[in-house]
Amino acid sequence: MNVPQSPDAALDGLRRHARRLVAELAGPVRRVRLRSGETVLEVEWHVPAQAAPGAGPAPEPAPSAGPPSPEPGRLAVRAPVVGTFYRAPEPGAAPFVAVGDLIRPGQVIGIVEAMKLMNEVTADQAGRVVEVLVDDGQPVEYDQPLIVLEPAGQRGG
């Protein structure tokens, strides 16, 4: 006999499956749709205009359009998805990183919540945090710079 799950339990199970599926996929995810009985979970990431099928070549952005780039010689850790950025693992907790911190590749620098999924944001290079660009709880766009790093081995002047 198949016992129906509560909608909350079904949604929790779908979230776990979505996290596992997204973690196993290479490249950006366009859409994930999971169903358990009456409960459906859909996730769709932002698709850059040049990647949209049939869109043709993307127009060149205006110099002032889009997220700002860090100054030359510095790196940005960018948002992997559209959502809400959180600097700490929970309200009232210390932030993952602060200006002046040395970080290593793979270190969590924040979380972006998208459709109740918590997506860890990790640094892909080592460096020192020189600027935090987004306040806690602020909405962010795909690929938006979140923090600026001075690469390891460089000194500010």
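Structure report, in brief. Small disclaimer: the values here were computed from a predicted structure and weren't measured.

The rules we used
Residues numbered from 1 in each chain as written. Predicted model: local features only at pLDDT ≥ 70, side-chain atom pairs only at ≥ 80, totals over all residues. Heavy atoms only, no water. Buried < 20%, exposed > 50% of the residue type's maximum accessible area, 1.4 Å probe, protein only. Helix = DSSP H or I, 4+ residues; strand = E, 2+ residues; numbered from the N terminus. Pairing = 2+ DSSP bridges. Polar contact = N/O pair within 3.5 Å; in protein donor to acceptor, adjacent residues only side chain to side chain.

### Here we look at the pairing of strand β6 (residues 108-114)
At step 1: With six of its seven residues buried, β6 lies for the most part within the structure.
At step 2: Where strand β4 (residues 83-86) meets β6, three bridges bridge the pair, whose relative direction is antiparallel. Within β6, the position partnered with Thr84 by the bridge is Glu113.
At step 3: Between β6 and strand β7 (residues 117-122), which pair antiparallel one after the other, the connecting turn spans two residues, and Met115 there sits at a positive phi close to 55°.

### What to know about the side chain of Asn119
At step 1: Along the chain, the position of Asn119 falls in strand β7.
At step 2: In terms of polar contacts, Asn119 uses its side chain to reach the backbone carbonyl oxygen of Leu117, at 3.3 Å.

### What to know about the sheet that holds strand β8 (residues 127-132)
At step 1: Strand order in the open sheet formed by four strands is β3-β10-β8-β5, and the pairing between neighbours is antiparallel. With partners counted over all chains shown, the strands left at the sheet margins are β3 (75-78) and β5 (102-103), one partner each.
At step 2: One ladder, built from two bridges, connects β5 with β8; its direction is antiparallel. Residue pairing for β8: Ile103 is matched across the bridge by Gly127.

On their own, these measurements won't tell you what the molecule is for.
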